[in-house]
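Observations on the model geometry
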Amino acid sequence: MPFQITVHQPERILEVVYPPQPSQQDVDEYLSRVKDIIEGLGEWSALVDQSQLRVMPGTMVAVMAKLNAFAQLKGMKRSARVVSTAASGLQAWRMTKQAMLNIPARTFETRDEALAWLKNPDDE
């Protein structure tokens, strides 16, 4: 199953749902598709659901960190990640640090919590 990508208008939230075990082909296709989408968004927020992802290989962490750095340069203003375990939360934090993000970034246990945080930036 490939990555699922949805753009929510008018909130300009780019939602990505990771598959449980992405193949290299899945990752390559995702990178190509999502970069094209990001180029046309202007200012936007990211909702990344990694709750189905078992473990992200170290090489994929580096690739996703580069993608996040690119995304920040292209208008990403907030980043919310949905994770299912403490280990995946730690991995998301590591990727955020590796990307040197200086935007608000948080992890959540549910999609609804993440979406609410993105839609209400003043509710810190």
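See above for the structure.
An account of the accompanying structure is given in this report. (Residues numbered from 1 in each chain as written. Predicted model: local features only at pLDDT ≥ 70, side-chain atom pairs only at ≥ 80, totals over all residues. Heavy atoms only, no water.)

**What about the packing of helix α1 (residues 24-39) against helix α2 (residues 58-73)?**
The following threshold applies: Whenever a helix is involved, its axis is fitted only over the stretch in contact; in every case the axis is a line through C-alpha atoms, and angles between N-to-C directions fall within 0 to 180 degrees. The way it works is that DSSP assigns letters per residue, a run of H or I at least four long becomes a helix, a run of E at least two long becomes a strand, and they are numbered from the N terminus. Here the word oblique covers every angle except those under 35 degrees (roughly parallel), over 145 (roughly antiparallel) and from 65 to 115 (roughly perpendicular). Only heavy atoms enter the contact rule, under which two residues are in contact if any of them lie within 4.5 Å. Put simply, Ala, Val, Leu, Ile, Met, Phe, Trp, Tyr, Cys and Pro go in the nonpolar bin, Asp, Glu, Lys and Arg in the charged bin, and everything else, Gly too, in the polar bin.
Remark: α1 packs on α2, axes separated minimally by 11 Å, with the N-to-C direction vectors making an angle of 10°. Compared by their axis directions, α1 and α2 come out roughly parallel. Contacts between α1 and α2 involve Val27, Tyr30, Leu31, Val34, Lys35, Ile38 and Glu39 from the first element and Met60, Val63, Met64, Leu67, Phe70 and Ala71 from the second. Class assignment of the residues belonging to the contact of α1 with α2 gives a composition of 11 nonpolar, no polar and two charged.

**Remarks on α2**
Here is the rule: Working rule for helices: expected span equals 1.5 Å times residues minus one. Between buried and exposed lies partly exposed: a residue is buried under 20% and exposed over 50% of the maximum accessible area for its type, with that area taken using a 1.4 Å probe on protein chains only. Comment: arc refers to directions from the helix axis out to C-beta atoms.
The terminal C-alpha atoms of α2 lie 23 Å apart, and with 16 residues this matches the ideal 22 Å at 1.5 Å per residue to within 8%. If you check which residues of α2 are buried, you get Met60, Val61, Met64, Ala65, Leu67, Asn68, Ala71 and Gln72. Each buried residue of α2 sits inside an arc of 165° when the element is viewed along its axis, so together they form one side. Exposed residues lying more than 90 degrees from the buried face of α2 are Thr59, Lys66 and Leu73.

**Quick notes on α1**
When the terminal C-alpha atoms of α1 are compared, their 23 Å separation across 16 residues agrees well with the 22 Å that a helix rising 1.5 Å per residue should span. Among the residues of α1, Asp26, Val27, Tyr30, Leu31, Val34 and Ile38 are the ones counted as buried. What you see down the axis of α1 is that its buried residues fit within an arc of 130°, all on one side. Relative to its buried face, α1 has exposed residues pointing more than 90 degrees away, namely Gln25 and Asp36. Contacts made by the buried residues of α1 are with β1 (4-8), β2 (13-17), β3 (44-49) and α2.

**So, the environment of Glu109**
Looking at where Glu109 falls in the secondary structure, it is placed in the loop between β5 (105-108) and α4 (111-119). The exposed category is assigned to Glu109, whose relative accessible area is 69%. For the pair Glu109 and Gln50, spaced 59 residues apart in sequence, the C-alpha to C-alpha distance is 10.0 Å. The contact partners of Glu109, leaving out residues within four places of it in the chain, are Val82 and Val83.

**Looking at the pairing of β2**
Consecutive side chains along a regular strand alternate between the two faces of the sheet. For clarity, the threshold we go by: Pairing between strands is defined by DSSP: at least two bridges between the two strands are required. A right-handed crossover is one whose linking path, passing over the helix from the first strand to the second, runs clockwise when the strands point away from the viewer.
Judged by how many residues are buried, β2 sits mostly within the fold: five of five residues are covered. Of the two faces of β2, the one lined by Ile13, Glu15 and Val17 and the one lined by Leu14 and Val16 are each fully buried. Note: β1 against β2, five bridges, orientation antiparallel. Across the sheet, residue Ile5 finds its bridge partner in β2, namely Val16. If you look at the hairpin formed by β1 and β2, you'll find four residues sitting between the two strands, and Arg12 has a positive phi there, around 55°. Each parallel crossover has a hand, and the one from β2 via α1 to β3 is right-handed.

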